[in-house]
Amino acid sequence: DSFDERKAKELVKLFRPDKNDEISLLAFVQSCDSAYKKLRYLRAGTGNSTLIDEVLENFFNGAFSFCLALAVMTVLKMNPWALLVSLSTILVSFAFAFGPSLAQFIEGCIMIAVRRPFDLGDRIAIADASDKPQDCDPGYGATWLVEDCNLFTTTLRLAKSNEIATVKNGTIADKKIINHNRSDRALVNIVLSLKSTVTHEEATIVKSAVEQYISDNPRIWAQLINFRIIDVDPCNDVTKISIRVQHRRSWQDLNPVLTARGDLIKFCTEVLIQLNVHYENKPAVINDLYIKELPEEYIAGLSQPAL
């Protein structure tokens, strides 16, 4: 039998063996569970998309039937346009009364039918278009899980507290929607504080230790993206180094990514302590306390009784 290289790569991508090209029983079960979840979400998303398509089909069928009826009445010389002109006053009144709401409703329908910025089960964050990302990971902290979606409303579950919220699609159509499930392989950012006396050789040792840590954990980390000095403050005796590492998973799996980030921070801190370059924040200490003496005339005045 011929060896299928493409299938072999897919299996390696699915099960992710460790540095010894071995797969533990726990890793095998976790990989199977991850694949099963993806299939369930795919099935649910396909069913939901079918329902949305059926609603759109009924809408276009109704519009087509209306236009066909007008064409047939015109061919039969029944002049339907006089009836439409007579109803124009009512239509204009409705346009003024429900214009903004109708425009928002149509915008929400177009967002779901055409853009489709999320699927069922996706972890998303919603922000204004002008909002800037935060300095922490992920860039937009409050995340929601999509529970249900149709042309009119979307049901969301707040990830950190399990609260359910239902929003109109028109209200979020003009928002910035960050889809963590479609953002492949999360980038984790870490800032290390070192003593300002750190040498180039010591910084190189730290970088090599991080690269070796990534190599020893191939199921978790993909590669080191960036390692650079971002700030040198000799007055406060601190040098800051920024590390950016790519995780195997996306921010959709928020808890595993944050857990791996914490383990990496702990490892880096242990390396800095061993090299004796770890910066420790020292609390401010008041060494001398100066008390200004009051003039004798003022003290004498205070000792006299008030009249």
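### Focus: the overall build of the protein chain
Here comes step 1: In terms of regular secondary structure, the protein chain is built from eight helices and eight strands.
Here comes step 2: By the compact-globule yardstick of 19 Å for 307 residues, the protein chain is too spread out, its C-alpha radius of gyration being 32 Å.
Here comes step 3: Taken along its principal axes, the extent of the C-alpha atoms in the protein chain is 110 × 100 × 30 Å.
Here comes step 4: A buried classification covers 26% of the 307 residues belonging to the protein chain.
Here comes step 5: In the protein chain, the share of contacts with a sequence separation of at least 24, taken over all contacts with a separation of at least 6, comes to 64%.

### Describing the confidence of the model for the protein chain
Low pLDDT means the predicted coordinates in that region are not meant to be read closely.
Here comes step 1: Averaged over all residues, the pLDDT of the protein chain equals 84, while 91% of them reach at least 70.
Here comes step 2: Note on residues 286-291: pLDDT is under 50 here. Beyond four places in sequence and across chains, it has zero contacts.

### Overview of empty space enclosed by the protein
Here comes step 1: Applying the stated criterion to the full structure yields one cavity of 30 Å³ or more.
Here comes step 2: In this model, the largest cavity occupies a volume close to 110 Å³.
Here comes step 3: Residue contributions to the lining of the largest cavity peak at four residues, all from helix 2 (residues 25-75).
Here comes step 4: Residue classes in the lining of the largest cavity are distributed as five nonpolar, three polar and two charged.

### Things to note about a nonpolar patch on the surface
Here comes step 1: Residues Val 55, Leu 102, Phe 105, Ile 106, Ile 110, Val 114 and Phe 152 make up a contiguous nonpolar surface patch of roughly 640 Å² in combined accessible area.
Here comes step 2: When residues of the nonpolar patch are assigned to their parent elements, the largest contribution, five residues, is made by helix 4 (residues 88-115).
Here comes step 3: Here Leu 102 lies in helix 4.
Here comes step 4: The exposure class of Leu 102 is partly exposed, given its relative accessible area of 47%.

Reading the values: the criteria
Residues numbered from 1 in each chain as written. Predicted model: local features only at pLDDT ≥ 70, side-chain atom pairs only at ≥ 80, totals over all residues. Heavy atoms only, no water. Helix = DSSP H or I, 4+ residues; strand = E, 2+ residues; numbered from the N terminus. Rg over C-alpha atoms; globule rule 2.2 N^0.38 Å. Buried < 20%, exposed > 50% of the residue type's maximum accessible area, 1.4 Å probe, protein only. Contact = heavy atoms within 4.5 Å. pLDDT = per-residue confidence, 0-100. 1 Å grid on protein atoms, 1.4 Å probe; cavity = no way out; pocket = protein on both sides within 12 Å on 5 of 7 lines; lining within 4 Å. Points joined across faces, edges and corners; volume = space filled by probe spheres on them. Nonpolar A, V, L, I, M, F, W, Y, C, P; charged D, E, K, R; others polar. Patch = residues over 30% accessible without salt bridge, like charges linked within 9 Å, V, L, I, M, F, W, Y side chains within 5 Å. Areas by Shrake-Rupley, 256 points an atom, 1.4 Å probe, with all protein chains shown as cover. Salt bridge = Lys/Arg side-chain N within 4 Å of Asp/Glu carboxyl O.

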